[in-house]
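Here's the letter readout for the chains.
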Amino acid sequence: MMLIEPQASPGFVETPGIKALVDRALIYLEVGLAVNLSGPSGVGKTTLALHVAGQLGRPVVFISGDEQFRSGDMMGGLFGYRRRRVVDNFVHSVLKTEDDLMERWVDSRLTMACKYGFTLVYDEFTRSRPEANNALLTVLEEGMVVMPSMRGGEGYVRVDPRFRAIFTSNPLEYSGTHRPPDALRDRLVTLHLEYYDEETEISITVARSGLDWDSAKWIVRLVTLGRAAKGLSAAVSTRGCIAIARAMEARGMNPDPNDQLLYAVSRDVLTSGCTRMTGKEEAVVGEVWRKSFCSE
Ligand SMILES: Nc1ncnc2c1ncn2[C@@H]1O[C@H](COP(=O)(O)OP(=O)(O)O)[C@@H](O)[C@H]1O
Ligand SMILES: [Mg+2]
């Protein structure tokens, strides 16, 4: 089981804008509500969810949404096959192995978190099919985990009052996301994340690459222009800023309009979300590149 001990997240950047989000998420969680951090890929949802979870001071259980989850999987499953070695003491040379094919029920991480009052971070929960997430309804609403009959024993587990849940999700228009059941969405307070403000993005880029502030500032300008430009299908996220920054740091590059390698790296990152590279994309990148060196 992936259990994360609460601790200050190393390298976590907390500017006033981020702190305001963290504080709001903590209010909802403190009064017992579940929080859903929604936003495009690379805005910082997972990082924020883990940081907020860490603030609650309870062990953190992390699960990721998965298309393959079936409805029973959320609570646990049957796992089998135990091998026993029996040393026969009467005849010393005999070593018997016994295969035991009895399947045993193993509680899932969700069930464990509910039982012991841990903090659940359910990353990208809309990647799981809606039926698989149904179990969460009773958890959030009734404070109970209803267990499938194959578990044996009691049919349900009471949710410890210290249990808290933080979800992350991409907006619905992203491919591979499922619309969560309305009843579930209704039980989450959703915070919509947008790309962070300029200062925050520069701070994160510096923190994750070691690059100097002014170079990071140029990268954020380039990427922001790229987001605004029509013709580059998918927006470049903070993750894209970090990618350019790491390349610059690794090769000792500076923001220089004549640096062919830096141009190529910028183009690669800016067009990573495009389905193909044509003269049209190349022209848009060229324009964004040129503007990034002009002072406002
Ligand atoms: N507050 C932050 N402090 C430091 N790094 C951050 C912060 N938010 C995001 N990042 C970095 O930005 C990148 C994208 O963040 P991530 O949480 O993975 O985004 P998402 O889950 O929305 O796709 C990661 O490399 C992450 O380390
Ligand atoms: Mg993520």
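Our subject is the structure that appears above.
Please read all numbers here as calculations on a predicted model, not as lab measurements.

Visitor: Give a description of the packing of aromatic side chains that names residues and reports values.
Guide: Taken as a whole, this structure holds eight aromatic pairs when the rule is applied. Relative to phenylalanine 125, the ring of tyrosine 122 has its centre 6.0 Å away and its plane inclined at 65°; by these criteria the two rings are edge-to-face. Given the relative accessible area of 0%, phenylalanine 125 is considered buried. One aromatic cluster is present, built from ring pairs that chain together Trp218, Tyr263, Trp289 and Phe293. Over the face of the ring belonging to tyrosine 195 we find arginine 227, whose NZ or CZ atom lies 3.8 Å from the ring centre.

Visitor: So what's going on with the site of ligand 1? Residues and values would help.
Guide: Taken together, the neighbourhood of ligand 1 is formed by 16 residues, with Gly42, Lys45, Thr46, Thr47 and Arg208 sitting nearest. With respect to ligand 1, the side chain of lysine 45 contributes an N or O atom lying 2.8 Å from an oxygen atom. Here an oxygen atom of ligand 1 sits 2.7 Å away from a polar atom, N or O, in the side chain of threonine 46. Computed on the free molecule, ligand 1 has an accessible area of 550 Å², of which 89% lies beneath the protein chains in the complex. Counting only elements with at least two residues in the shell around ligand 1, the list comes to helix 2 (45-55), helix 6 (198-209) and helix 8 (238-251). Ranked by residues supplied to the shell around ligand 1, first place goes to helix 2 with three residues.

Cut-offs and rules
Residues numbered from 1 in each chain as written. Chains lettered and ligands numbered in written order. Predicted model: local features only at pLDDT ≥ 70, side-chain atom pairs only at ≥ 80, totals over all residues. Heavy atoms only, no water. Phe/Tyr/Trp six-rings, centres within 6.5 Å; stacked < 30°, edge-to-face > 60°. Buried < 20%, exposed > 50% of the residue type's maximum accessible area, 1.4 Å probe, protein only. Lys NZ or Arg CZ within 6 Å of the ring centre and 35° of its normal. Near = heavy atom within 4 Å. Polar contact = N/O pair within 3.5 Å; in protein donor to acceptor, adjacent residues only side chain to side chain. Areas by Shrake-Rupley, 256 points an atom, 1.4 Å probe, with all protein chains shown as cover. Helix = DSSP H or I, 4+ residues; strand = E, 2+ residues; numbered from the N terminus.

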